[in-house]
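# Breakdown of the fold
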Protein chains: 2
Amino acid sequence: MSEMAEKNSNTEQNILEAAKVVFVAKGMDGARMQEIADKAGINKALLHYYFRSKDKLFEAVFVEILSKLIPDISELLLSELPLFEKIRKFTQHYIDTIRENPLIPVFILHELNREPEGIARTFKSMGIQPQIFIDEIKREIEKGTIVPIDPLHLIVNLLSMCIFPIVAQPIMQHLIFEENGEAYSAFLEQRKKEVPEFIINSIRKK
Amino acid sequence: MSEMAEKNSNTEQNILEAAKVVFVAKGMDGARMQEIADKAGINKALLHYYFRSKDKLFEAVFVEILSKLIPDISELLLSELPLFEKIRKFTQHYIDTIRENPLIPVFILHELNREPEGIARTFKSMGIQPQIFIDEIKREIEKGTIVPIDPLHLIVNLLSMCIFPIVAQPIMQHLIFEENGEAYSAFLEQRKKEVPEFIINSIRKK
DNA sequence: TTTACTTTTGACCACTTGGTTAAACTATAT
DNA sequence: ATATAGTTTAACCAAGTGGTCAAAAGTAAA
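Not measured: the values here are computed from a predicted model. Numbering of residues begins from 1 in every chain and follows the order in which that chain's sequence is written. Chain labels run from A onward and ligand labels from 1 onward, assigned in the order the entries are written. Under the rules for a predicted model, residues below a pLDDT of 70 receive no local features and side-chain atom pairs below 80 are neither given nor counted, while totals for whole chains, interfaces and linings still include all residues. As a rule here, side-chain values come from all non-hydrogen atoms in the structure, and water together with hydrogens is ignored.

## Things to note about helix α8 (residues 131-143) of chain A
Residues and elements named next belong to chain A. Counted at 1.5 Å a residue, the expected span for α8 with its 13 residues is 18 Å, and the 18 Å between its end C-alpha atoms agrees. Among the residues of α8, those classed as buried are F133, I134, E136, I137 and E140. Taken end-on, α8 shows its buried residues confined to a sector of 160°, consistent with a single buried face. Any pair of residues with heavy atoms lying within 4.5 Å of one another is described as a contacting pair. Going along the chain from the N terminus, every DSSP run of H or I of four or more residues is numbered as a helix, and every run of E of two or more is numbered as a strand. Those residues of α8 that are buried lie in contact with α4 (54-77), α5 (83-100) and α9 (151-167). Positive phi shows up at G144, right after α8, with a value of about 85°. Under the convention used throughout, the expected extent of a helix is 1.5 Å for every residue step, that is, one less than its residue count. Note on classification: 1.4 Å probe, protein chains only; a residue is buried when its accessible area is under 20% of the maximum for its type, exposed when over 50%, partly exposed between these limits. For this quantity, the arc is that covered by the directions from the helix axis to the C-beta atoms.

Here it is, written out as structure tokens:
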């Protein structure tokens, strides 16, 4: 009885969890195997027993993060709501999601430019299909519901306004709120309403 | 004749230049003193002769980057153009600026969350004053030129749509253009017109 | 209990890292 | 020339790194 990968042996899952925290916080280069081992409450050699090397462990973590993130995005884009409602829902849900793990986007971007080839391969293996959403926007333009606009720019605008203010919190918080974390938190909360209205206001045909 | 700091002794400037490239590309943790020395064409010990330690060298680089970036931002916000024109100019200039050093924002964000205390101090020492721009927006609202909107959200929206698409290029390029770098480059070029119109379209009173 | 196996550990290693030091080089002033 | 000061180098070091290994500890079937 040791054919299949069976019950992700707890220890293995502990390691992955600890590794995720450390890697995301410090990046591949800043992360130490010892710290991961400590955080998982095990011996350092065990890390190499389950995952052969630091690189392998990192990749496992990276894959896990991506494969949780990507379906999350796709799901919403494919729902059946009217466009404006979809924009509202997406913004709200997406801002919340990123706020739960605010370090992940910068982590991904930093690692992506540290080692473009390897990471890109991982990325490619799991597909995102924005085409359906693009088509939906085109249809609304034809219907005359919204102003003519390149759907790509609209999507990028939407993503930008959701993601950037969260990842840039350490800067923004200082620039506009003098290190008042709660004020910035409230600010992000407001954005769940402000952003969709800002967008809709721009594209709605009057 | 060795009282003043006089002519930034060439070597020192070479080191700073090399260090900037390496630090920005690999981050503090990923950067190697040896690589910086090689890139500067000098012995590794010279790094420690001019800058005492890796930390000191890093801080020098970080300060240099910030002190070039910040006036660049302030300048435009304080010019005398009408609001819409200012938004157009800002977008165009800012997108170009960031495209010249696309790695810097992620570098700053990554380092900022690696060591919030130390970096924040550096940040604080050089002030940015968004208040003037905020007041200008408020005035336009009172005048009735633009729709009532929280100036902070407007500013953050503007920054987001400028910065994010550039720093996220490695992801976006894959997601929407299948690794076609030139297509994405053209896309960013378009944004210099699309973004300001998108914003103005949203806030202009009709 | 014995056997066979997986899991876990402590001790260890080769190598890289940032950093030091003493000596060599350079140029200027006397 | 030669003393003086700043600059540059090669060789070196201690600490930390990812990684290994053989043995111990656990586990379950025979």
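Further notes follow.
## Details of the protein's contact with DNA strand C
Nearness of a residue to a molecule or strand requires only that one of the residue's heavy atoms be within 4 Å of it. In the vicinity of DNA strand C, 16 residues are found, and the nearest of them are A:Y49, A:Y50, B:R32, B:K44 and B:K54. The sugar-phosphate portion of DNA strand C accounts for 61% of its atoms within 4 Å of the protein, the bases making up the rest. Polar contact is the term for a pair of N or O atoms within 3.5 Å; when the atoms are in protein, one must be able to donate a hydrogen and the other to accept it, and sequence-neighboring residues count only if both atoms are side-chain atoms. At a separation of 3.3 Å, a phosphate oxygen of DNA strand C approaches a polar side-chain atom of A:T11. A distance of 3.2 Å separates a phosphate oxygen of DNA strand C from a polar atom in the side chain of B:H48. Of all the secondary-structure elements, those providing two or more residues to the surface near DNA strand C are α3 (44-50) of chain A together with α3 (44-50) of chain B. Considering every element that reaches the surface near DNA strand C, the biggest residue donor is α3(A), with 4 residues. When the residues that make up the surface near DNA strand C are grouped by side-chain class, the tally is 9 nonpolar, 4 polar and 3 charged. Residues are grouped as follows: Ala, Val, Leu, Ile, Met, Phe, Trp, Tyr, Cys and Pro are nonpolar; Asp, Glu, Lys and Arg are charged; every other residue, Gly included, is polar.

## Digging into the domain arrangement of chain A
The parts lose accessible area when they come together, and the size of an interface is often stated as this lost area. Residue and element names in this part refer to chain A. Domain borders in the structure are assigned automatically or taken from a domain database. By the assigned domains, chain A splits into domain 1 (1-52) and domain 2 (67-203). In this assembly, 6 residues from domain 1 lie in contact with 5 residues from domain 2. What gets called buried area is simply the loss in accessible area from a 1.4 Å probe that two parts show on being joined, summed for both. With both sides pooled, the region where domain 1 packs onto domain 2 buries about 480 Å², and carbon together with sulfur makes up 71% of that total. Throughout this description, the term salt bridge denotes a Lys or Arg side-chain nitrogen within 4 Å of a carboxyl oxygen of Asp or Glu. Counting the contacts that link domain 1 with domain 2 gives 0 salt bridges. Here domain 1 is connected to domain 2 by 1 residue pair in polar contact (both at pLDDT 80 or more).

## Regarding the side chain of A:E140
Of note, A:E140 is situated in helix α8. Here A:E140 is in contact with A:L83, A:T145 and A:I146, once residues within four sequence places are set aside.

## A closer look at the interface of chain B and chain A
Counting residues at the interface gives 51 residues for chain B and 51 residues for chain A. Counting each side, the surface lost to burial between chain B and chain A is near 4,600 Å², with a carbon and sulfur contribution of 71%. Our count for the contact surface shared by chain B and chain A stands at 0 salt bridges. At the junction of chain B and chain A, the tally comes to 10 residue pairs in polar contact (both at pLDDT 80 or more). When contributions to the side of chain B that touches chain A are tallied by element, the ones reaching two or more residues are α1 (11-30), α6 (104-114), α7 (116-125), α9 (151-167), α10 (169-177) and α11 (181-203) of chain B.

## Observations regarding the protein's contact with DNA strand D
For DNA strand D, the set of nearby residues contains 15 residues, the closest of which are A:R32, A:K44, A:K54, B:N43 and B:Y50. At 2.8 Å from a phosphate oxygen of DNA strand D is found a side-chain nitrogen or oxygen belonging to B:Y50. The set of elements that each furnish at least two residues to the surface near DNA strand D consists of α3 of chain A together with α3 of chain B. The leading source of residues in the surface near DNA strand D is α3(B), at 4 residues. Across the surface near DNA strand D, the residue classes tally to 8 nonpolar, 4 polar and 3 charged.

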